[in-house]
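Structural features, examined
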Amino acid sequence: MLQLPTHEDVLAAAKRLLGQAHRTPVLRSATADRQLNAELFFKCENFQRMGAFKFRGAFNAISQFDERQRKAGVITFSSGNHAQAVALSARILGIPATILMPVDAPQAKIAATRGYGGEVILFDRYQQDREALGAQLAGERGLTLIPPYDHPHVMAGQGTAALELIQEVGPLDVLLVPCGGGGLLSGSALAVRALAPKCKLYGVEPEAGNDGQQSLRKGEIVHIATPNTIADGAQTQHLGRFTFEVIRRDVDDILTATDPQLIEAMKFFAERMKIVVEPTGCLGFAAACHAGLPLQGKRVGVILSGGNVDLARFAQLVAG
Ligand SMILES: *Cc1c(COP(=O)(O)O)cnc(C)c1O
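Heads up: these notes are all about the structure in this document. Computed from a predicted structure; not experimentally measured. (Residues numbered from 1 in each chain as written. Predicted model: local features only at pLDDT ≥ 70, side-chain atom pairs only at ≥ 80, totals over all residues. Heavy atoms only, no water.)

A short note on the site of the ligand
The local shell around the ligand holds 16 residues, among which Lys-54, Asn-81, Gly-180, Gly-182 and Ser-305 are the closest. At 2.9 Å, a backbone N or O of Leu-184 approaches an oxygen atom of the ligand. Residue Ser-305 places a side-chain N or O atom 2.6 Å away from a nitrogen atom belonging to the ligand. Calculation on the ligand without its partners gives an accessible area of 390 Å², and the protein chains cover 98% of this total. Split into classes, the residues belonging to the shell around the ligand amount to 5 nonpolar, 9 polar and 2 charged. (Near = heavy atom within 4 Å. Polar contact = N/O pair within 3.5 Å; in protein donor to acceptor, adjacent residues only side chain to side chain. Areas by Shrake-Rupley, 256 points an atom, 1.4 Å probe, with all protein chains shown as cover. Nonpolar A, V, L, I, M, F, W, Y, C, P; charged D, E, K, R; others polar.)

Some thoughts on the pattern of salt bridges
All chains considered together, the criterion is met by 12 salt bridges. A salt bridge links Arg-193 to Asp-252; the shortest N-O distance between them is 3.0 Å. Here Arg-193 is found in helix α9 (residues 183–195), whereas its partner Asp-252 is found in the loop between α11 (241–250) and β9 (253–257), with 59 residues between them in sequence. Notably, a salt bridge pairs Glu-245 with Arg-248, separated by 3.2 Å at the nearest N-O pair. One end of the pair, Glu-245, and the other, Arg-248, are both in helix α11, 3 residues apart, so they sit about a helical turn from each other. Residues joined in a network through salt bridges with shared partners are Lys-43, Glu-45, Arg-56 and Glu-164. (Salt bridge = Lys/Arg side-chain N within 4 Å of Asp/Glu carboxyl O. Helix = DSSP H or I, 4+ residues; strand = E, 2+ residues; numbered from the N terminus.)

A closer look at the nonpolar core
Ranked by internal contacts, the top residues of the largest apolar core, which has 37 residues, are Leu-40, Phe-42, Leu-176, Phe-269 and Phe-285. In this structure, Leu-176 is in contact with Tyr-202, Val-204, Leu-255, Gly-284, Ala-288, Leu-293, Val-300, Gly-301, Val-302 and Ile-303, ignoring residues within four places of it in sequence. Judged by nonpolar contacts, the second largest core, of 32 residues, contains Ala-162, Ala-189, Leu-216 and Ile-303. (Core = buried A, V, L, I, M, F, W, Y, C linked by side-chain atoms within 4.5 Å. Buried < 20%, exposed > 50% of the residue type's maximum accessible area, 1.4 Å probe, protein only. Contact = heavy atoms within 4.5 Å.)

Looking at the packing of aromatic side chains
Here the structure, examined in full by the defined rule, presents 6 aromatic pairs. Look at Phe-268 and Phe-269: their rings are 6.0 Å apart centre to centre, the planes differ by 75 degrees, and that puts the pair in the edge-to-face class. Phe-269 shares its class with Phe-268; the two are buried. Here the aromatic residues Phe-42, Phe-268, Phe-269 and Phe-285 are joined through ring pairs into a cluster of three or more. Sitting over the ring of Phe-41, Arg-28 keeps its end group 4.1 Å from the ring centre. Over the ring of Phe-242 we find Arg-241, and its NZ or CZ is 5.4 Å from the ring centre. (Phe/Tyr/Trp six-rings, centres within 6.5 Å; stacked < 30°, edge-to-face > 60°. Lys NZ or Arg CZ within 6 Å of the ring centre and 35° of its normal.)

A short note on the environment of Val-169
As for its placement among the helices and strands, Val-169 is situated in helix α8 (residues 152–169). Separated by 132 residues in the primary sequence, Val-169 and Gly-301 have C-alpha atoms spaced 9.1 Å apart. When sequence neighbours within four positions are dropped, the list of residues in contact with Val-169 reads Val-26, Phe-41 and Arg-299.

A short note on unusual backbone geometry
Phi at Asn-37 is positive, roughly 55 degrees, even though this residue is not glycine. Relative to the helices and strands, Asn-37 resides in the loop between α2 (30–36) and β2 (39–44). Despite not being glycine, Lys-274 has its phi angle at roughly 60 degrees, a positive value. As for its placement among the helices and strands, Lys-274 is situated in the loop between α12 (259–272) and α13 (283–290).

Overview of the sheet that holds strand β3 (residues 74–77)
Here we have 4 strands laid out as an open sheet, ordered β5-β4-β3-β6, and parallel in their pairing. Strands at the two margins of the open sheet, each flanked by one partner only, are β5 (119–123) and β6 (144–145). Bridging between strand β4 (residues 97–102) and β5 involves 5 bridges; their strand directions are parallel. Within β5, the residue paired with Pro-102 across the bridge is Phe-123. Its contacts with the sheet place helix α7 (residues 130–141) against β3, β4, β5 and β6, and it is angled at close to 170 degrees to β3. (Pairing = 2+ DSSP bridges. Axes fitted to C-alpha atoms, helices over the stretch in contact; angles between N-to-C directions.)

See the structure below:
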């Protein structure tokens, strides 16, 4: 029986990931510090293997498979980064991987997933229920389903990014974390609450898809239609059962950012810090700039969750 993960599970995940995941750099920007009158610490998961933090959770989960699970293989559904994370982790561990991806996922993500050796099955995200489809294929083929966020081992793995950040820079006053299904946010909460209990922890969602914010307000998981936003990594329709339990217990609030604010942040990262951050990865910094939080004089951690964006798409977004 799967149970809610703990801080100890994040520490155990960090051990499994040693020598497998990159210990990503923490970048600073004097310009950002000056603009916000705060000390910002950017945890650059755009430099993680396969370009996003999702490698952490996928590897942590798949590396715990038993012999039977390894033989049969893993299956998942994902709009992109989790797909690549599962495909790469499975390849490293010598396990077959089947990946359900939406037909309209960014081409670079589909190609990268195939490139890592995953068998990609495309589906229509506006018509088909990916969770039902995943469960059906898992049943038929004896595969183990590793979902993108609502799994204790995935959550614990994602928490290692915040763990590394706090280990490296010390306690923070505020931590801003992009939120889709809440795997990264809940994992971060497990790390933060043990290491920096006074740190304010905020999830940030695209404004068009603020189901997490609604869920916190309502005290139950709110489902929405697939939101229309450039933040394709956070186009989730609802938080998970496990992620919501941790988020409602440990997260101070969920904020939102608009698409234009994400574009502004993407431009800032490219122009001032010379780094490519995908729209979803910009949620934390966009909220730092626009959500009206009192950050003056504070030590603020910002997780830049990924950097996977088609180059043509990137050019189009930052040119506007
Ligand atoms: C998946 C993803 C997110 C959202 O993570 P959740 O665990 O679903 O909340 C944020 N940013 C990027 C780049 C992602 O790939």
